[in-house]
Amino acid sequence: MHFCCFFCCILLQYTCMDFELKIIKFLQENASPNWINFFQAITLFGSLLGFAIVFCILFVKKRKLSYVFAVAFAIASVANFALKMLIARQRPFDVDSDIINYGQESGFSMPSGHSMSAAFFATFVCFLCYKMTKRISTKALCTICCVLFTCLIAFSRMVLGVHYLTDTIAGIFVGVLFAITAILVYNRYIIKPSRKKE
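Residues numbered from 1 in each chain as written. Predicted model: local features only at pLDDT ≥ 70, side-chain atom pairs only at ≥ 80, totals over all residues. Heavy atoms only, no water.

Colleague: Residue-level account of the nonpolar core, with values.
Modeller: A general tendency of soluble globular proteins is for nonpolar side chains to be buried together. Counting 26 residues, the largest nonpolar core has L58, F69, F120, F121 and F124 as its most contacted members. With residues near it in sequence (within four places) discarded, F69 still touches F51, V54, F55, L58, F120, F121 and F124. (Core = buried A, V, L, I, M, F, W, Y, C linked by side-chain atoms within 4.5 Å. Buried < 20%, exposed > 50% of the residue type's maximum accessible area, 1.4 Å probe, protein only. Contact = heavy atoms within 4.5 Å.)

Colleague: Can you tell me about the side chain of N101, naming the residues and giving the values?
Modeller: Here N101 is to be found in the loop between α6 (92-95) and α7 (113-132). A distance of 2.9 Å separates a polar atom in the side chain of N101 from the backbone nitrogen of Q104. A distance of 2.9 Å separates a polar side-chain atom of N101 from the backbone oxygen of E105. Once residues within four sequence positions are removed from consideration, N101 is found in contact with F93, L160 and V162. (Helix = DSSP H or I, 4+ residues; strand = E, 2+ residues; numbered from the N terminus. Polar contact = N/O pair within 3.5 Å; in protein donor to acceptor, adjacent residues only side chain to side chain.)

Colleague: Which residues make up α7, and what values do they have?
Modeller: Under the 1.5 Å per step criterion, the end-to-end length of α7 is 29 Å for 20 residues, consistent within 8% with the ideal 28 Å. Where burial is concerned, most of α7 is hidden: 16 out of the 20 residues are buried. (Expected span 1.5 Å × (residues − 1).)

Colleague: Could you give an account of the packing of helix α4 (residues 48-61) against α7, with specific residues and numbers?
Modeller: Taken N-terminus to C-terminus, the directions of α4 and α7 make an angle of 20°; their axes are 10 Å apart at the nearest point. As the angle between them shows, α4 and α7 are arranged roughly parallel. Considering how the two elements wind past one another, α4 and α7 form a crossing that is left-handed. Counted together, G50, F51, V54, I57, L58 and K61 of α4 and F121, F124, V125, L128 and M132 of α7 form the full contact between these two elements. Partitioned by chemical class, the residues of the contact of α4 with α7 number 9 nonpolar, 1 polar and 1 charged. (Axes fitted to C-alpha atoms, helices over the stretch in contact; angles between N-to-C directions. Parallel < 35°, antiparallel > 145°, perpendicular 65-115°, else oblique. Left-handed = near helix turned anticlockwise from the far one by under 90°. Nonpolar A, V, L, I, M, F, W, Y, C, P; charged D, E, K, R; others polar.)

Right, dumping it as structure tokens:
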């Protein structure tokens, strides 16, 4: 599974780079200073700020799940860093001098850590919502909000000139993969054994 993830990232690295650079330049050329400020603020929720918020929510609602969330996020972050080192894709602003580094980032580009984090957070929030309510409308609303949140973070990374479209796609894929794996572990090895004891 993880080999497939690595293979997909390598494949995406060599796909549509010129087209992706044009997307970023178009976004930056049409973004006002206020929009840049907005996306600089929004993108913070794809980092430790988002982690802290989601962890607190999970800690209050499902304490054991919050521990799984924290450990899995740490592992996912290490994996993301390792993939960046292995793929070694240059940032858009390093490839094209017309692109501005509004995100003040450095290092390699793929996969997007913020997009990975956003997808990871959103998957856990969706899971919590599905566990806490039986109303289909609430589940649907939660899912839509989580998808929009993830897409907004990914979009912000392109507007800020720090990631390609394929970086964000790869990041979302990695985030969802690790979140689902962690949730399966939670259901299989933490929830079921505790129920048997009862």
